[in-house]
Amino acid sequence: MNEHDPNREVNQSAVPSSEELWNEDTYAAWTSRFGTPSEAAAKLVKEPVVKLFPLGGYLGEVRGTKIMNLMGSNGMKAVALSLLGARVTVADFSEANARYAGELAAAAGVQLDYLVSDVLKLPQELLDGSYDIVFAEMGIVHYFTDLAPFMDIAYRLLAAGGRFVLRDFHPVTTKLITSKGTTAKVRKHKVSGDYFDTALEEKKVSYSKYLPLPDSIAEDVKHSVVYWRRWTLGEIVTAAARSGLVIRELAEEPNLSSDVYDKGIPKTFVLVAEKK
């Protein structure tokens, strides 16, 4: 483990790994949220660009490119990119995610390579510097207690001149601010966190809210809890730069949803870097 609060030591022998947690049957969760792979594919085929917003603007023209989607989950973005003419590989350690993504790609009529693997343990032959684009997004970096290996993998995957794109939740909203209220008129924000806190946090796995039977899942902590580390924006950018990647852009985004209750607060960020 990397730096963390010594008063919050975690008994690792009693805590399931992220891999064990993500290898639960998430297939039901994605079906609950997006519909069956066939239903989801029908929507993707009609408007693949919509599914990529706003990420697509940072990826640029993808037709004919070779893309690696690290921790690509259910394959939604990967299949959308395939529909736009890219050759896409997803690396993710969940068998259930791979199943949903594979069926999604088949229903959409596109080729998708899905590698079931810890992204930090990819086969050496894959780290050949042949990818034009490597990207990861939304709820990714907090799973790493050391960002250096993750950034190194991205660097090794990329071809010279290749682009790395990371889009994730902004640390201001994940580390610093607590928001309450369900409408714009009553929404209130309070600075309640410590931006520089390095402690590990106990959280439910992100897909648990989509499971058909969340109460039964919640009865067993081992099937709903994961420990993660929230990083500052400076730590994330520095880790990318130290890997050898050249930072080209750091965009900070507001809440892009139609129900904007968080006006004026950065909700997400996009880091764009390049391998020289």
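Data block above holds the structure.
Remember, it's a predicted structure, so these values are computed and weren't measured experimentally. (Residues numbered from 1 in each chain as written. Predicted model: local features only at pLDDT ≥ 70, side-chain atom pairs only at ≥ 80, totals over all residues. Heavy atoms only, no water.)

A. Representation of the overall build of the chain. When you go through the chain residue by residue, the secondary structure sums to 11 helices and 11 strands. Classification of the 276 residues of the chain by burial places 47% in the buried group. Carbon together with sulfur atoms contributes 51% to the accessible area of the chain, which is approximately 13700 Å² in total. (Helix = DSSP H or I, 4+ residues; strand = E, 2+ residues; numbered from the N terminus. Buried < 20%, exposed > 50% of the residue type's maximum accessible area, 1.4 Å probe, protein only. Areas by Shrake-Rupley, 256 points an atom, 1.4 Å probe, with all protein chains shown as cover.)

B. Quick peek at helix α11 (residues 233-242). Within α11 the residues assigned to the buried category are L233, I236, A239 and A240. End-on view of α11: buried residues confined to an arc of 135°, all on one side of the axis. Of the surrounding elements, those touching the buried residues of α11 are α8 (147-157), β5 (158-169), α9 (171-176), β10 (246-253) and β11 (268-274). Following α11 by one or two positions, G244 has its phi on the positive side, about 110°. (Arc of directions from axis to C-beta. Contact = heavy atoms within 4.5 Å.)

C. Inspection of the packing of aromatic side chains at higher detail. Overall, the coordinates contain six aromatic pairs when judged by the stated rule. Aromatic pair Y27 and Y100: ring centres 5.6 Å apart, planes at 65°, arrangement edge-to-face. Taken as a pair, Y27 in helix α2 (residues 27-34) and Y100 in helix α7 (residues 95-108) lie far apart in primary sequence, 73 residues in all. Classification of Y27 by relative accessible area gives buried; the value is 13%. On the basis of relative accessible area, Y100 is assigned to the buried category, the value being 0%. (Phe/Tyr/Trp six-rings, centres within 6.5 Å; stacked < 30°, edge-to-face > 60°.)

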